[in-house]
Amino acid sequence: MENELRRKARELLESGEVKVVIGYGWNRRRTFTTPIFVTRPDDTDRLIFNERCVNNLSVYLTRKYRDIQALGRPAIVAKGCDIRNIAVLISEGQVEREGVYIIGVVCRGVVYRQELWKGELRPEIMPVKCHNCDVRNPHIADAVVGEPSDFTPPEEPAGMVFDKIREVDAMEPAQRWAFWMEHFRRCIKCYACRQVCSLCYCERCITEKNMPQWIETSAHPRGNLAWNLIRAMHLTGRCTFCGECERACPVNIPLNVINQKMSLVVGEAFDYRSGYDPGEHPPMIVFRPDDREDFIK
Ligand code: SF4
Ligand code: SF4
Ligand code: SF4
């Protein structure tokens with residue numbers, strides 16, 4: 001697969017069709033995979049793809065990375081789950097479909113955190129998203145590399161995240177409040193969850209607005225609650241369950257639980273799942289006269 005990937009990348013750079021290939025490579029000691037940005041055909045041999053290529057590279061297509069945008073039209077190496085984020089970015093007018101060349105990679109799952117890697121991909125070290133994945137064969141791409149996968153996901157989403165959602169749903173309201181307050185209390189406002197998310201692309205985040213100040217900036221339970229709820233709401237109907245925010249959180253707040261709960265609510269209310277159709281807008285930004293809520297009429 002890697003040879004095919006490198007050949008494609010070389011061809012794109014040599015022809016001038018793209019100016020940079022955003023992909024995965026090894027760190028200097030070959031202990032971790034890391035994002036790399038290849039601009040010269042001779043460097044395409046550095047590109048790799050394996051079970052440790054966890055990062056969702058779509059964040060590098062956003063305006064957070066003007067320096068990468070300045071290089072010219074990019075190609076991006078993307079797993080199906082990463083492509084879901086690209087589809088949302090296209091539907092929200094952040095990326096033009098023709099503005100990016102998507103090299104989709106067939107994927108058989110990745111490790112949840114690279115530190116867990118012990119030489120083989122066992123189900124227990126894979127994130128929940130991989131066990132439920134219906135995009136192992138990339139659903140939107142200009143070229144696909146790798147042998148097709150015949151994996152069939154379960155009909156109902158399963159795994160730790162969904163078990164936890166059911167457990168929290170079954171709690172009394174006061175208990176549920178205490179559950180979330182206990183988690184949000186630990187937030188240190190590092191904003192890693194925001195930085196790693198390709199769908200958190202505002203020029204100026206609400207946390208940085210201080211006239212008026214909407215959210216207390218210190219890591220105080222009151223501001224922590226506001227921050228985490230606002231972020232969850234801003235991602236509602238958009239989050240793709242790529243899991244990068246939870247993976248980046250240094251204090252292990254179960255962000256997938258809150259984000260996936262919101263996705264389930266949106267799925268039920270609007271029959272919508274994000275990241276499958278770049279031509280369809282997320283429901284929270286759509287006005288429809290046949291909306292079931294009266295206030296919209
Ligand atoms: S969710 Fe699917 S495409 Fe993404 S890493 Fe897991 S198996 Fe691969
Ligand atoms: S899982 Fe987290 S990082 Fe990924 S799209 Fe959702 S909010 Fe963003
Ligand atoms: S990554 Fe975790 S600790 Fe940092 S701001 Fe987000 S929720 Fe808080």
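Residues numbered from 1 in each chain as written. Chains lettered and ligands numbered in written order. Predicted model: local features only at pLDDT ≥ 70, side-chain atom pairs only at ≥ 80, totals over all residues. Heavy atoms only, no water.

For Lys 189, which is not glycine, the phi dihedral falls at a positive 55°. Here Lys 189 shows up in the loop between α6 (173-185) and α7 (192-196). Judged by relative accessible area, which is 9%, Lys 189 ranks as buried. The phi angle at Asn 252 is positive, at roughly 55°, despite the residue not being glycine. Along the chain, the position of Asn 252 falls in the loop between α9 (244-248) and α10 (255-270). According to the relative accessible area criterion, Asn 252 is partly exposed, its value standing at 49%. (Helix = DSSP H or I, 4+ residues; strand = E, 2+ residues; numbered from the N terminus. Buried < 20%, exposed > 50% of the residue type's maximum accessible area, 1.4 Å probe, protein only.)

The strands making up a sheet are joined through hydrogen bonds of the backbone, oriented either antiparallel or parallel. Taken in spatial order, the five strands of this open sheet run β2-β1-β3-β4-β5, and their pairing is mixed. The sheet terminates laterally at β2 (33-38) and β5 (143-145), the two strands that pair on one side only. Strand-to-strand twist in this sheet, taken as the mean axis angle between neighbours without regard to direction, amounts to 30°. Sheet topology places strand β1 (residues 20-26) next to β2; six bridges connect them, and they run antiparallel. What sits directly across from Ile 22, in β2, is Phe 37. Relative to strand β4 (residues 101-105), helix α1 (residues 2-15) is tilted by about 175°, and along the sheet it contacts β1, β2, β3 (74-78), β4 and β5. (Pairing = 2+ DSSP bridges. Axes fitted to C-alpha atoms, helices over the stretch in contact; angles between N-to-C directions. Contact = heavy atoms within 4.5 Å.)

Our focus in this paragraph is the packing of aromatic side chains. One pass over the structure, following the stated rule, counts seven aromatic pairs. Ring plane angle 85° and centroid distance 5.0 Å describe the contact between Phe 179 and Trp 180, whose orientation is recorded as edge-to-face. Both residues of the pair, Phe 179 and Trp 180, count as buried. A centroid spacing of 5.4 Å and a plane angle of 25° characterise the contact between Trp 180 and Phe 184, whose relative ring orientation is stacked. In this pair, Trp 180 and Phe 184 are both assigned in helix α6, four residues apart and thus about one turn of the helix distant. Stacked on the ring of Phe 151, the Lys or Arg Arg 136 has its end atom at 3.6 Å from the ring centre. (Phe/Tyr/Trp six-rings, centres within 6.5 Å; stacked < 30°, edge-to-face > 60°. Lys NZ or Arg CZ within 6 Å of the ring centre and 35° of its normal.)

To continue, consider the site of ligand 2. The environment of ligand 2 is made up of 13 residues, and the closest members are Cys 197, Cys 239, Cys 242, Gly 243 and Cys 245. Those elements that place two or more of their residues in the shell around ligand 2 are α8 (221-235) and α9. Its residues assigned to classes, the shell around ligand 2 shows seven nonpolar, four polar and two charged. (Near = heavy atom within 4 Å. Nonpolar A, V, L, I, M, F, W, Y, C, P; charged D, E, K, R; others polar.)

Within the element layout of this structure, Lys 8 appears in helix α1. With residues up to four places along the chain from it excluded, the contact list for Lys 8 reads Tyr 101, Ile 103 and Ala 143.

This part covers the nonpolar core. Soluble globular proteins tend to bury their nonpolar side chains together. Of all hydrophobic cores here, the largest spans 48 residues; its most connected members are Val 21, Ile 76 and Ile 102. When contributions to this core are tallied by element, the ones reaching two or more residues are α1, β1, β2, β3, α3 (80-91), β4 and β5. A per-element tally of this core places α3 first, with six residues. Apart from the residues lying within four places of it in its own chain, the contact partners of Ile 76 are Ile 22, Leu 57, Ser 58, Leu 61, Ile 86, Val 100, Tyr 101, Ile 102 and Ile 103. Within the second largest apolar cluster, 24 residues are counted, among which are Trp 180, Phe 184, Ile 215 and Leu 255. (Core = buried A, V, L, I, M, F, W, Y, C linked by side-chain atoms within 4.5 Å.)

Geometry only, nothing functional implied.
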